[in-house]
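Reading the structure
The chain contents come next:
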Amino acid sequence: MAKGFTLWFTGLSASGKSTLAERVRDLLLERGMKVEVLDGDVVRQNLSKGLGFSKEDRDTNIRRIGFVCNLLTRNDVVAIGAAISPYRAIRDENRKLIGRFVEVYCKCDIDTLKNRDPKGLYEKALRGEIENFTGVSDPYEAPEKAEVVVDTANEDIDTSVERIIGTLEQMGYIPAGDGRGYSEDEEESIKERLRDLGYI
Amino acid sequence: MRLLRRQRKRRVCVVGLDGVPFQLLKRLADTAVMPRLSEIIQDGGLRQMRASLPPVSSVSWSCFMTGANPAEHGIFGFTDVAPDSYRLRFPTFADLAAPTFWDKLGESRRRCAVINQPATYPARPIPGALVSGFVALQLGKSVWPKDHLPALQAMGYRIDVDLQQARDNPDLLLADLEATLETRRRAARYFWEREEWDYFQVVVTGTDRLQHFLWNAVDREDDPRHARVMAYYRAIDEFIGEFWDRFRRGQSADREGEGFLLLSDHGFAAVNKEIRLNAWLRENGYLDYQADDPTSVADITPATRAFALDPGRLHLNVKGRFASGCVALSEAPALRAELAARLKEITFEGRPVITHIFEREQIYQGPRTNLAPDLVLLSEPGFDLKGTTKGDEVFVDTHFQGMHTWDDAFVWTHLPIPDSPEISDLAKVILGWMLG
């Protein structure tokens, strides 16, 4: 079976995409997988250098990241894309191109984002100093069918990571078990309880 | 102003009775076993409700708490099979892929107190407080926030009854059920007082346990344990009555009890035989094992074309979907149709026993449809579908007295619900009432 897949993080600025991408990358590396992260901020400094924030440039940027993710995926590498990727149609285009594609929507309300604002961008955007700022002066189209929705305003990072890893296991993209969910002893206890009620 | 705003705030209280069927509830109310229930439901509003497919608590309660389809929330049963190894895996609360309506209430600054909710283990943060129910193992991992743990330990809180003892000693089971209900009541009172909740929920799971092991005593007046079992339902009646009274003594918006809901997550019926689907698949040449004494579907051969998981979930061993899949994607529809036709013909003493065969697309809509079973079967009451890999016999006697059913769960509420409700409808109803 193919081993590569693309894990695509989408969400507003400061919603936790890069943090989660790094945490998931580390866990997958620990499991002996080949992993590459394509972070939107980093990509804009090289692969997409010179692109701006018009809709056309944003679409080009996301298509470029999708193109590289596809190359990595078909060579059995786990490609992690972490970019605002505001437009549903372009994300779906990448989904179609890559096939083995898992979308993670980092959901977070605007008040929480404004409070986080590590780069002071929301403050500037709200003052009108930044044009085309997603979520303030530019649209963000939330996914309708993301494989995982992580509520980064309300849940802690460990929970979000556990949920993403759980999804990858459930979808068969990574092996089940390996230290998450239940320990072996817990799994035995659960089997016993399910057996006691005739469920297995 | 602040007081007025608080008085107008709509609250909801839900009492869940795991596995209590509509007909039984009605009978217990009509025959004065449950007089408080009778009083509460007398104005109407009691409906028969469809549970999830398959009708098991982990799926049904996940549909309740998310309002989502299993292909959206990702919980298809108590077990899943890992596509790379066919090993059984046991979904945790972290596997729930859709947000709960408690999360949505939290976004509107509403707080929830949820006690003994199945399929929420290990507990994770919710806006308020959560005590996980079945399959919760340790209390320490079942409580959020952890500050509540010492109080629960001090009151001797029990997550569940001793299931191993239940099979061998029905009298001990009854004593255990009563004691567990009492600790549930104490915990519910504690959270009622301690949490500033807008949404309160407590689930009684003892009803499901009782009905699995002692359905005959529930259903038949001539059973020697009938009186004691009815006393258990009377205790549940007092439990419901207590929270109904508490709710109506609450803020002004609660006084008519509009936001009060009673519900079950599936129905129940008497069981006579188990139908072991993997034995049937093997007998008919669709499945074989590499081991003499297989312990799970991890022991199937690569030539296996279909296998079953509990309770009536059939998966085709499709290439690309499973590591050793042997069924080409193009052949899958014909194989599925062939299986559906042959399964319909299974009979016991001349009577057909499979009542419904649902194809994947009829049940599942969402991003995880490709993980869903290809067929979901329902059986005639009395014949309990099983996904065990044990034994060669298709029809086997069982020590259980009760089995789950699909279309006779119940819901009672004065809130506007669809005429023919499904359990996944209720999240929207509750959110609609609370948030307007």
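Please read these numbers as outputs of a predicted model, since none were measured by experiment.

Moving on, we come to the overall build of chain A. Broken down by element type, chain A carries eight helices and five strands. Reading the helices (α) and strands (β) of chain A from amino to carboxyl end gives β-α-β-α-α-β-α-β-α-α-β-α-α. If one aligns the C-alpha atoms of chain A with their principal axes, the spans along those axes are about 65 × 40 × 30 Å. Within chain A, the fraction of its 200 residues that count as buried is 46%. Relative to all contacts within chain A whose residues are 6 or more apart in sequence, the contacts with residues 24 or more apart total 72%.

Helix and strand counts for chain B come out as 15 helices and 21 strands. Computed over the C-alpha atoms, the radius of gyration of chain B is 22 Å, within 12% of the 22 Å expected from 2.2 N^0.38 for a compact globule of 436 residues. Its C-alpha atoms give chain B principal-axis dimensions of roughly 70 × 50 × 45 Å. Burial analysis of chain B (436 residues in total) assigns 53% to the buried set.

Of all hydrophobic cores here, the largest spans 188 residues; its most connected members are V104(A) and F410(B). Of the residues forming this core, the biggest block, eight residues, is contributed by helix α9 (residues 170-194) of chain B. Among the domains, domain 1 (2-267 + 406-435) and domain 2 (273-399) of chain B are the pair contributing at least three residues each to this core.

Further remarks concern the pairing of strand β4 (residues 101-107) of chain A. For β4(A), a buried count of seven out of seven residues is recorded, marking the element as mostly surrounded by other parts of the structure. Residues F101(A), E103(A), Y105(A) and K107(A) of β4(A) are buried on one face, and the alternating residues V102(A), V104(A) and C106(A), pointing to the opposite face, are buried as well.

Taken together, the contact pairs 35 residues of chain A with 33 residues of chain B. Among the residues forming the side of chain A that touches chain B, the class breakdown is 13 nonpolar, nine polar and 13 charged.

So, about the packing of helix α1 (residues 17-30) of chain A against helix α7 (residues 157-170) of chain A. Residues and elements named next belong to chain A. Closest axis-to-axis distance for the α1/α7 pair is 10 Å, and the angle between their directions is 55°. One way to sum up the angle between α1 and α7 is to call them oblique. As for how α1 packs across α7, the hand of that crossing is right-handed. Contacts between α1 and α7 pair T19, L20, R23, V24 and L27 from the former with I157, S160, V161, I164 and I165 from the latter.

To continue, consider the confidence of the model for chain A. Detailed reading of the predicted coordinates is not advisable wherever pLDDT falls low. Confidence in the prediction of chain A, expressed as mean pLDDT, is 91, and 96% of residues score 70 or more. Looking over chain A, one finds the lowest element-wise mean pLDDT in α7(A), namely 87, and the highest in strand β1 (residues 5-10) of chain A, namely 98.

This part takes up the environment of A427(B). All names here are of chain B. In this fold, A427 is placed in helix α15 (residues 426-435). What makes A427 buried here is the crowd of 21 C-beta atoms within 10 Å. Along the primary structure A427 and T66 are separated by 361 residues, whereas in three dimensions their C-alpha atoms are 6.4 Å apart. If sequence neighbours within four positions are ignored, A427 has contacts with F64, M65, T66, G67 and F101.

Bringing the pairing of strand β21 (residues 409-413) of chain B into the picture now. Residue and element names in this part refer to chain B. Among the five residues of β21, five are classified as buried, and the element is accordingly described as predominantly covered. Covered by surrounding structure in β21 are A409, V411 and T413 together with F410 and W412, the residues of both alternating faces. Summarising the sheet, strand β2 (residues 46-49) and β21 pair through four bridges and their orientation is antiparallel. Bridge pairing in β21 places Q48 opposite F410. In the sheet, strand β9 (residues 260-263) pairs with β21 via three bridges, with the strands oriented antiparallel. By the bridge assignment for β21, L261 is matched with T413.

Turning to the sheet that holds strand β11 (residues 273-276) of chain B, a few remarks are in order. All names here are of chain B. Within the open sheet, the three strands sit side by side as β18-β11-β19. Their pairing is mixed. Two strands bound the open sheet, and with one partner strand each, they are β18 (383-386) and β19 (395-397). Across the sheet, the mean angle separating the axes of adjacent strands is 35° when strand polarity is ignored. In this structure, β11 lies alongside β19, joined through three bridges in antiparallel fashion.

Residues and elements named next belong to chain B. According to the domain assignment, chain B consists of domain 1 (2-267 + 406-435) and domain 2 (273-399). Look at where the C-alpha atoms of domain 1 and domain 2 centre, and you get two points 31 Å apart. With 22 residues of domain 1 in contact, the opposing surface of domain 2 contributes 26 residues. Broken down by class, the residue content of the side of domain 1 that touches domain 2 amounts to 13 nonpolar, five polar and four charged.

Before going further, it helps to spend a moment on the sheet that holds strand β2 (residues 35-39) of chain A. Residue and element names in this part refer to chain A. The strand order β2-β3-β1-β4-β5 describes an open sheet built from five strands, whose pairing is parallel. The outermost strands of the open sheet, each flanked by one partner alone, are β2 and β5 (148-151). On average, each strand axis in the sheet is inclined to that of its neighbour by 15°, with strand direction left out of account. Of the pairings in the sheet, the one linking β4 to β5 comprises four bridges and is parallel in character.

Residues and elements named next belong to chain B. Mapped onto the secondary structure, R305 falls in the loop between α12 (277-283) and β12 (306-309). Classification of R305 by C-beta neighbours within 10 Å gives buried; the count is 21. R305 sits 27 residues away from A332 along the chain, and the two C-alpha atoms are 9.4 Å apart. Look past the residues within four positions of R305 in its chain and what remains in contact with it is Y286, L316, N317, C326, V327 and L335.

Let's shift gears to helix α2 (residues 22-30) of chain B. All names here are of chain B. Turning to α2, its buried residues are F22, L24, L25, L28 and A29. For α2, the angular spread of buried residues about the axis comes to 165°, placing them on one side. Those residues of α2 that are buried are in contact with α3 (35-41), β2, α10 (206-219), α11 (226-248), β10 (267-270) and β21. Downstream of α2 by one or two residues, A32 has phi in the positive range, about 65°.

Analysis parameters
Residues numbered from 1 in each chain as written. Chains lettered and ligands numbered in written order. Predicted model: local features only at pLDDT ≥ 70, side-chain atom pairs only at ≥ 80, totals over all residues. Helix = DSSP H or I, 4+ residues; strand = E, 2+ residues; numbered from the N terminus. Buried ≥ 20, exposed ≤ 12 C-beta atoms within 10 Å, placed from the backbone. Contact = placed C-beta atoms within 7 Å. Rg over C-alpha atoms; globule rule 2.2 N^0.38 Å. Core = buried A, V, L, I, M, F, W, Y, C linked by C-beta atoms within 7 Å. Domains from an automatic or database assignment. Nonpolar A, V, L, I, M, F, W, Y, C, P; charged D, E, K, R; others polar. Axes fitted to C-alpha atoms, helices over the stretch in contact; angles between N-to-C directions. Parallel < 35°, antiparallel > 145°, perpendicular 65-115°, else oblique. Left-handed = near helix turned anticlockwise from the far one by under 90°. pLDDT = per-residue confidence, 0-100. Pairing = 2+ DSSP bridges. Arc of directions from axis to C-beta.

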